[in-house]
Amino acid sequence: MMSHLKKLILYILLVIVFISIILLLLSIRKNPDKITYGVSFNTPYARELGLDWKKVYIAILDDLKVKHLRLAAQWTMIEPQNNKFNFKELDFQINEAEKRNADVIFGVGRRLPRWPECHVPEWAKTLSWEEQKKEILKMISVVVERYKDNDAIIYWQVENEPFLTVFAKQYCGDLDKEFLAEEIALVKRLDPTRPILVTDSGNLGTWAGAYKSGDVFGTSVYVYFWNPEIGPFKSILPPAYYRIKSNIMRLMYGQKRTLIIELSAEPWLLQPVIDTPMETQLERMNIEKFGEIIKFAKDTRFDTQYLWGAEWWYWLKERGDESFWIRAKELYKSKESKY
């Protein structure tokens, strides 16, 4: 009896050792010589904070010296009325980026960054899904045709974390995989010169669907969360988790450029910032956590990382707390920040 038990224990130990060796090998990723830092910018969010979005955007370019941007053509912003397009915000942002030799990842589609994820104008909410799809394709066509000759744009991002159907399901519903493929094919047809970026959640996504769908893959990285049932909590996932997932994708589907497209450096809230006490905000995201998040992301060894939260850093600065803004200036002090 004891002999069988010893054999079982030995077998379990061997399995554990084997799995550990495999995970160790999969976690290998060369340290980059440099990390290129970028930032996402969202006009409606800046307005939600009560800010002059132009001042925020110019400060990001000229004070933080950001050279790598992610912008998004939110449907609600660019087509507030059917067939009546508004490009004044995006025209300004693209032109100002081009003046400074900054490059842009440009998001198109229905599901784009910032809550509620799927940004549908009022006039389109009463349409059936089949009718909406036609309008979305039309909207994407107008956007891509308008900006495809601009040298600042390096990638088209089609939708945002489209495979993360468990998040914002009440606004986005289930993923229509055939339609996502149709959107990607449309952008490729309109502009065959630029790669397509597709993104997925680093914490919850499997990555497979998004990785296979695009030419470039982007993951989000969230370290600190808040939940109404359990309160604040920190992700248990180590940086090696992202390296392992990346290597598995590469082995399964081939080598593709992979970057951190959304590195969260703002508080996780379930209500608007302006309705949240400052004390609560700084409990959920303080300057020490900011530094910890930057270190965590470095340890993933991804060579390109776009931070999330610059509008909030500026909002804090306007209220006398410049700590985040100053730390960000250090991060962006040169085009390429040394590892």
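As the structure is a prediction and not an experimental result, all values here were calculated from the model. (Residues numbered from 1 in each chain as written. Predicted model: local features only at pLDDT ≥ 70, side-chain atom pairs only at ≥ 80, totals over all residues. Heavy atoms only, no water.)

Trainee: Give me the lowdown on the state of the cysteines, citing residues and values where you can.
Mentor: One pass over the full model with this rule turns up one disulfide. Note on cysteine connectivity: Cys 118 is disulfide-linked to Cys 172, with sulfurs 2.1 Å apart. On the S-S bond that ties Cys 118 to Cys 172, the torsion sits near 125°, and the link is right-handed. One end of the pair, Cys 118, is in the loop between strand 3 (103–108) and helix 6 (122–125); the other, Cys 172, is in helix 8 (residues 169–172), with 54 residues separating them in the sequence. Each member of the pair, Cys 118 together with Cys 172, is buried. (Disulfide = S-S within 2.5 Å. Helix = DSSP H or I, 4+ residues; strand = E, 2+ residues; numbered from the N terminus. Buried < 20%, exposed > 50% of the residue type's maximum accessible area, 1.4 Å probe, protein only.)

Trainee: Please give an account of helix 5 (residues 88–99) that cites residues and values.
Mentor: Here helix 5 spans 16 Å end to end across twelve residues, near enough to the 16 Å set by a 1.5 Å rise per residue. Three or more residues of helix 5 are buried, namely Glu 89, Leu 90, Phe 92, Gln 93, Ile 94, Glu 96 and Ala 97. The first or second residue beyond helix 5 is Asn 101, which carries a positive phi of 60°. (Expected span 1.5 Å × (residues − 1).)

Trainee: Describe the environment of Glu 292, with residues and values.
Mentor: Mapped onto the elements, Glu 292 comes out in helix 13 (residues 287–300). Of the residues examined, Glu 292 reaches a relative accessible area of 29% and is grouped as partly exposed. C-alpha of Glu 292 to C-alpha of Ala 265: the two residues are 27 residues apart in sequence and 10.0 Å apart in space. Residues in contact with Glu 292, not counting those within four places in the same chain, are Tyr 224 and Lys 234. (Contact = heavy atoms within 4.5 Å.)

Trainee: Now, about the packing of aromatic side chains: what can you tell me, with residues and values included?
Mentor: One pass over the full model with this rule turns up 25 aromatic pairs. Ring geometry for Trp 75 and Trp 123: centres 5.7 Å apart, planes at 85°, overall edge-to-face. Here the residue Trp 75 occupies a position in helix 4 (residues 75–78), and Trp 123 occupies one in helix 6, the gap between them amounting to 48 residues. Here Trp 75 and Trp 123 have matching classes, each one buried. Both rings, one in Trp 207 and one in Tyr 242, keep their centres 6.4 Å apart while their planes meet at 40°; by these two values the pair is tilted. Placement of the pair is Trp 207 in the loop between strand 5 (196–200) and helix 10 (208–213) and Tyr 242 in helix 11 (residues 239–253), with a sequence separation of 35 residues. Among the residues examined, Trp 207 registers a relative accessible area of 0% and is labelled buried. Directly above the aromatic system of Phe 92 lies the positively charged group of Lys 54, at a separation of 4.7 Å from the ring centroid. In this arrangement the basic side chain of Lys 317 is found over the ring face of Trp 325, its NZ or CZ atom lying 5.5 Å from the centre. (Phe/Tyr/Trp six-rings, centres within 6.5 Å; stacked < 30°, edge-to-face > 60°. Lys NZ or Arg CZ within 6 Å of the ring centre and 35° of its normal.)

Trainee: Could you give an account of the layout of surface pockets, with specific residues and numbers?
Mentor: Approximately 1200 Å³ is the volume found for the largest pocket. Those elements that provide at least two residues to the lining of the largest pocket are helix 2 (43–48), helix 4, strand 7 (224–227) and strand 9 (257–264). The residue inventory of the lining of the largest pocket, partitioned by class, reads 26 nonpolar, twelve polar and eight charged. When its volume is computed, the second largest pocket comes out at roughly 230 Å³. Every residue lining the second largest pocket is counted, 13 residues in all, and those nearest its centre are Arg 29, Ser 246, Gln 255, Lys 256 and Thr 258. Within the residue set of the lining of the second largest pocket, elements represented by two or more residues are helix 11 and strand 9. For the lining of the second largest pocket, the element with the most residues is helix 11, which contributes three residues. Looking at side-chain class alone, the lining of the second largest pocket contains three nonpolar, four polar and six charged residues. (1 Å grid on protein atoms, 1.4 Å probe; cavity = no way out; pocket = protein on both sides within 12 Å on 5 of 7 lines; lining within 4 Å. Points joined across faces, edges and corners; volume = space filled by probe spheres on them. Nonpolar A, V, L, I, M, F, W, Y, C, P; charged D, E, K, R; others polar.)

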